[in-house]
Amino acid sequence: MIRHLLLVLCLAVAVLIGPEIGNVLDLIPGWDMVKSCIITDTGQSDAARDTVRLLDLQELSRYNGQQGSPGVYLSILGQVFDVGKGHKHYGPGGSYHFFAGRDASRAFVTGDFTEAGLVDDVSGLSPGQILSLSEWLSFYNKDYVLVGRLVGRYYSETGEPTEALKQVESAMVEGLELRAQAEADKQRFPPCNSEWSAGKGGRVWCSTQSGGVQRDWVGVPRKLFKPGSSSQRCVCVQSSRPTSSQAQASQQLSDRGDLDNPNLQEYQGCPSLAESCLLTD
Ligand code: HEM
């Protein structure tokens, strides 16, 4: 489990996307780091790419680690890895033996290890879920040896990426953008601290590290509504802009920070600039 937490974000598969998507990704914060990771992981010369080994499903299924099989391979999004060195996981009797000799990309995300779940089709999964597959790819690129490509859903008979793979890659890009947006939102509106007790009722309050977001401002608690939805959460809102900000210097914006954001609502009965609010509603 700990191992899973350590899996670093690296869109190793995106090297297959081609330069046009690379340009889009350049606009996403953090992409530079990811890109360098990709080059390290899979940087291959054109010649190497041309001689990539192609396997069909029948051949891959021979690499199931059973007695007499030529080894243990698994495929993820059509990239085939030699996982022989992880025999204790993937060999007969291993907890993840079901991944051997096949492409069960979907199960890496869903955790559905039934025969119905152990399939390569990832359609219908969210961009965030599909992005997590890139973390698995990064893991396999780092810990195991890439041996080739599986001809089928993700690679054509000539080893070219299929439409299905391009769609997966687009979903990964979307997942990366959504993740970056969520992170930016969290920095701007960090979650409040909260507590509840039978005697005192509820309280929400802000601090310089509430929500796990380290910052040099405390903020005031507000309900943040999702546009078009009644769901809300407590966030800390800056009540003034940092004096060093350019906006402040040019005096183009008011000194109310984010307080006037239309998706925010004050807590009933709580003074507007209080850092802590007792919940009455
Ligand atoms: C979507 C769900 C999951 C998937 C796809 C998954 C997949 C895997 C895979 C492929 C490995 C082998 C990694 C390697 O090659 O070194 C592994 C190892 C392991 N997994 Fe999971 N796993 C899942 C959930 C869990 C959960 C819920 C637990 C525990 C509560 C868990 C505990 C472990 C442990 C202890 C190892 C061995 C780590 C080691 O020895 O290095 N896994 N997992």
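Residues numbered from 1 in each chain as written. Predicted model: local features only at pLDDT ≥ 70, side-chain atom pairs only at ≥ 80, totals over all residues. Heavy atoms only, no water.

Peer 1: Got a minute to help me understand the state of the cysteines in this structure?
Peer 2: The bond known as a disulfide is covalent and runs between the sulfur atoms of two cysteines. Summed over all chains, the structure comprises three disulfides. Note on cysteine connectivity: Cys206 is disulfide-linked to Cys236, with sulfurs 2.2 Å apart. Across the S-S bond linking Cys206 and Cys236, the dihedral sits near -105°, which makes this disulfide left-handed. Placement of Cys206 in the loop between strand 6 (201-205) and strand 7 (220-225) and of Cys236 in strand 8 (residues 232-237) is noted, with a sequence separation of 30 residues between them. Accessibility assignment for this pair places Cys206 and Cys236 in one class, buried. Paired through a disulfide, Cys270 and Cys277 show a sulfur-sulfur distance of 2.1 Å. As the torsion about the S-S bond is roughly -75°, the Cys270-Cys277 disulfide counts as left-handed. (Disulfide = S-S within 2.5 Å. Helix = DSSP H or I, 4+ residues; strand = E, 2+ residues; numbered from the N terminus. Buried < 20%, exposed > 50% of the residue type's maximum accessible area, 1.4 Å probe, protein only.)

Peer 1: How should the pairing of strand 4 (residues 145-150) be read in this particular structure?
Peer 2: Each regular strand shows side chains that alternate between the opposite faces of the sheet. As paired strands, strand 1 (residues 54-55) and strand 4 are joined by two bridges and run parallel to one another. Across the sheet, the residue bridging to Leu55 is Leu150, located in strand 4. Inspection of the sheet shows strand 3 (residues 79-82) paired to strand 4 by four bridges, in the antiparallel sense. Paired with Phe81 across the strands is Leu146, a residue of strand 4. (Pairing = 2+ DSSP bridges.)

Peer 1: Would you explain the packing of aromatic side chains in this entry?
Peer 2: For any pair of aromatic rings, the description consists of the separation of the ring centres together with the inter-plane angle of the planes. Applying the stated rule across the entire model yields 18 aromatic pairs. Between Phe98 and Phe113, the ring centres sit 4.5 Å apart and the planes meet at 25°, which makes this aromatic pair stacked. A residue pair is termed long-range when its members are at least 10 positions apart, and Phe98 in the loop between helix 6 (87-90) and helix 7 (105-110) and Phe113 in the loop between helix 7 and helix 8 (127-143) qualify at 15 residues. Phe98 sits in the partly exposed class, given a relative accessible area of 21%. We classify Phe113 as partly exposed; its relative accessible area is 35%. Centre to centre, the rings of Phe108 and Tyr140 are 5.9 Å apart; their planes meet at 85°, and the pair counts as edge-to-face. Taken together, the residues span a long stretch of sequence, with Phe108 in helix 7 and Tyr140 in helix 8 at a distance of 32 residues. We classify Tyr140 as buried; its relative accessible area is 1%. Cluster of aromatic residues (ring-pair linked, three or more members): Phe81, Tyr90, Tyr96, Phe98, Phe99, Phe108, Phe113, Trp136, Phe139, Tyr140 and Tyr144. (Phe/Tyr/Trp six-rings, centres within 6.5 Å; stacked < 30°, edge-to-face > 60°.)

Peer 1: For this particular structure, what's the right way to read helix 9 (residues 163-188)?
Peer 2: Every α-helix winds through 3.6 residues per turn, so residues three or four apart in the chain are directed the same way. Spanning 26 residues, helix 9 covers 37 Å between terminal C-alpha atoms, matching the ideal 38 Å at 1.5 Å per step. Among the residues making up helix 9, those that are buried are Leu165, Val168, Glu169, Ala171, Met172, Val173, Gly175 and Leu176. (Expected span 1.5 Å × (residues − 1).)

Peer 1: Teacher, can you tell me more about the coordination of the iron atom of the ligand here?
Peer 2: Angles at a metal have ideal values that depend on geometry: 109.5 degrees with four tetrahedral donors, 90 or 180 degrees with six octahedral donors. From the protein, the iron atom of the ligand takes a single donor atom, Tyr96 (OH), 2.0 Å away. With respect to the helices and strands, the residue Tyr96 is situated in the loop between helix 6 and helix 7. (Donors = N, O, S within 2.8 Å, 3.2 Å for Na, K, Ca; no water.)

Peer 1: What is the right way to read the side chain of Gln238 from this model?
Peer 2: Turning to its location among the elements, Gln238 is positioned in the loop between strand 8 and helix 10 (246-250). For Gln238, a relative accessible area of 18% puts it in the buried group. When neighbours within four sequence positions are excluded, Gln238 is seen to be in contact with Trp217, Arg256, Gly257, Asp258 and Leu259. (Contact = heavy atoms within 4.5 Å.)

Peer 1: Whenever I open this one, the side chain of Ser75 confuses me. Can you help?
Peer 2: Mapping Ser75 onto the fold places it in strand 2 (residues 73-76). One polar contact links the side chain of Ser75 to the main-chain amide nitrogen of Gly78, over a distance of 3.5 Å. Once you skip the residues sitting within four places of it in the chain, Ser75 turns out to touch Leu60, Val80, Arg102, Asp103, Ala104 and Leu150. (Polar contact = N/O pair within 3.5 Å; in protein donor to acceptor, adjacent residues only side chain to side chain.)

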